[in-house]
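# Coordinate analysis (summary)
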Amino acid sequence: MAVTRRQFMKVSAAGLAASSVGALGFVGAGDALAAGVRPFKLERATETRNTCPYCSVSCGVIVYSLGDKSKNAKSSVIHIEGDPDHPVNRGTLCPRGAASLDYVHSPLRLKYPMHRKPGTDKFERVSWDFALDRIATLMKEDRDKNFIAKNRDGVTVNRWLTTGFFATSAQTNEAGYLTYKVMRGLGMLAIETQARI
Amino acid sequence: MVPPGSRQALSTGPDAPSSGFGETTLGDVAQSEPVVLPDLATVFARRAARLRSLAAGHELEGFLRMIAALMAAQHEALSGLPPGSLPGKAEIAKAKLVARAPLDPSVWPRDASWRAALSRILATIDEAVLPDPALAARAVLLSAQTEDLEALAGRFLDGDVRPDEAAQAVFVAAALQVAWTRMAALLDVADLDAGKSEGGECPACGSPPVAAIVSPGGTKFGHRHLHCSLCATAWRYVRVRCAHCGSTDKISFRQLAGTSYLRAECCEKCQGYLKLFYLESARDIEAVADDLASLGLDVLVGEEGFARVPNPFVLGVMERQGG
């Protein structure tokens, strides 16, 4: 077995005794080291790159989470910071992005479609089908009522200014293209998406 | 009427806020040096001083004091090193063609200056900190023939040292570090391709990194530099990316509970790890010295099944990856 400076080696108490540490005459040093470090607990966290979802600037973030996904343990996000290597924000975050850890853990965080019926003061959970149908109906009503086909001078403008669309920041080129095609096709001008900037 | 003192305040403006590490926290675009070449005047002296300060009361105190003395001898050897050779434009271009670093030991033949460094290290090292086996290894090297020394250096650089040579290899590694550090310091940063390779090899000499340091404060906050195990060059490397296989997936870190200045960044893909030091939490950090003084973390991380590229002074017949 050869000694190498390039290949992977696992460090252990016995290994240190057999390494140059032991060979130089420091016998037992490895055991002392292992015994000294034994009382310490080893903390573990996973680091993941992601994109901040809160506006179209799309800052890079590093997300730290606890929990080993492979062991069915519940994982939880413990820290979010700006990604120093990301070309957009170079490690910085705005107050909203810096507070995104609290969004993640907020008890008020929206996890599924909710609906507050006219006249009530409570939100209740609804299905995606219901939500999408409802949104489409309301959008159509609003568009029929407020669509501007021609401006004062009689020039065709086809604007729909009373509704805006908030898309995501972690979007692919293709999704950005579709967002634009669909929403601009309806005449909408207030569109917030990564493809906006 | 302007109150006394305020005219000056109006004309000079407030001081730019600083991070305490000499970096401004406002205005500039965050940009770190892609490659930082070693500073010959301080590199080994700083290492020795840092390791000496870490040795007191350490479980490995004797070993750390010996390596600190070795580093002090490296500093001595460096200042008295005879002139050596350096790759020119043609050699650097040739190395680039085969995708190698200009000082990669497999493309750049070493000259005799490392042997001058070795004899000076062996002559000047403080004998009081050397145990008998270390003295014996020194005696073997002092009486060794040139061919044998060259053969041993070749085996060290290729990563093929025999287990019975482990003690001698430490002195040889120290001498080779001196020679390679001087060559690296004299290179032109423009000739080096940092971050081109998939893994994290040194852009100057192609060696694996010994540890990484994450910058503190200011506009360079969070930037990571890997530090070479052979030539003391540092180069920028993207965070949350395995320095061994380049994977960005399934990167996790391990740290001793209650510490914040040191983490082991583990890659589930290649089962390798690299230690990261955070300058923000401990500002005197030196990669090689702190790596040696934190081997305790390596023991615990090794028990979790992760392996590392060894520090050249802890070369060993350690338990290999996969048993």
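This report concerns the structure included in the present document.

### What to know about the overall build of chain A
When you go through chain A residue by residue, the secondary structure sums to seven helices and nine strands. For chain A, the C-alpha atoms occupy an extent of roughly 95 × 40 × 30 Å along the three principal directions. Total accessible area on chain A stands at roughly 12300 Å², and carbon and sulfur atoms take up 58% of it. For chain A, the distance from the average position of its 28 positive side-chain charges to the average position of its 18 negative side-chain charges is 2 Å.

### Here's the deal with the pairing of strand β8 (residues 156–166) of chain A
Residues and elements named next belong to chain A. One ladder, built from two bridges, connects strand β7 (residues 148–150) with β8; its direction is antiparallel. Its bridge partner being in β8, I148 is matched across the sheet by R159. Count of turn residues in the β7/β8 antiparallel hairpin: five residues, of which G154 carries a positive phi of about 85 degrees. In this sheet, strand β9 (residues 188–192) lies alongside β8 in parallel orientation, the contact comprising four bridges. Across the sheet, F166 pairs through a bridge with E192, a residue of β9. Note that the unit made of β8, helix α7 (residues 173–185) and β9 has a crossover that is right-handed.

### With respect to the interface of chain A and chain B
Each partner contributes residues to the interface: chain A has 45 residues there, and chain B has 78 residues. At the surface where chain A touches chain B, the tally comes to four salt bridges. For the pair chain A and chain B, the number of links is 19 residue pairs in polar contact (both at pLDDT 80 or more). Where the side of chain A that touches chain B is concerned, the elements lending two or more residues are β1 (9–10), α1 (13–18), α2 (20–23), α3 (29–37), β2 (42–51) and β3 (60–66) of chain A. A class-by-class count of the residues in the side of chain A that touches chain B yields 23 nonpolar, 10 polar and 12 charged. Where β2 of chain A lies against strand β5 (residues 251–256) of chain B, six bridges are found, and the strand directions are antiparallel. Within β5 of chain B, the residue paired with L42 of chain A across the bridge is L256 of chain B.

### With respect to the pairing of β3 of chain A
Residues and elements named next belong to chain A. Within β3, six of the seven residues are buried, which leaves the element mostly enclosed by the surrounding structure. Inspection of the sheet shows β2 paired to β3 by six bridges, in the antiparallel sense. Note that in β3 the partner of N50 across the bridge is V61. Bridge count for β3 against strand β4 (residues 76–82) is six bridges, and the pairing is antiparallel. Across the sheet, residue S65 finds its bridge partner in β4, namely V77.

What counts as what
- Residues numbered from 1 in each chain as written.
- Chains lettered and ligands numbered in written order.
- Predicted model: local features only at pLDDT ≥ 70, side-chain atom pairs only at ≥ 80, totals over all residues.
- Heavy atoms only, no water.
- Helix = DSSP H or I, 4+ residues; strand = E, 2+ residues; numbered from the N terminus.
- Areas by Shrake-Rupley, 256 points an atom, 1.4 Å probe, with all protein chains shown as cover.
- Lys, Arg positive; Asp, Glu negative; His and termini not counted.
- Charge placed at Lys NZ, Arg CZ, Asp CG, Glu CD.
- Pairing = 2+ DSSP bridges.
- Right-handed = clockwise from strand over helix to strand, strands pointing away.
- Contact = heavy atoms within 4.5 Å.
- Salt bridge = Lys/Arg side-chain N within 4 Å of Asp/Glu carboxyl O.
- Polar contact = N/O pair within 3.5 Å; in protein donor to acceptor, adjacent residues only side chain to side chain.
- Nonpolar A, V, L, I, M, F, W, Y, C, P; charged D, E, K, R; others polar.
- Buried < 20%, exposed > 50% of the residue type's maximum accessible area, 1.4 Å probe, protein only.

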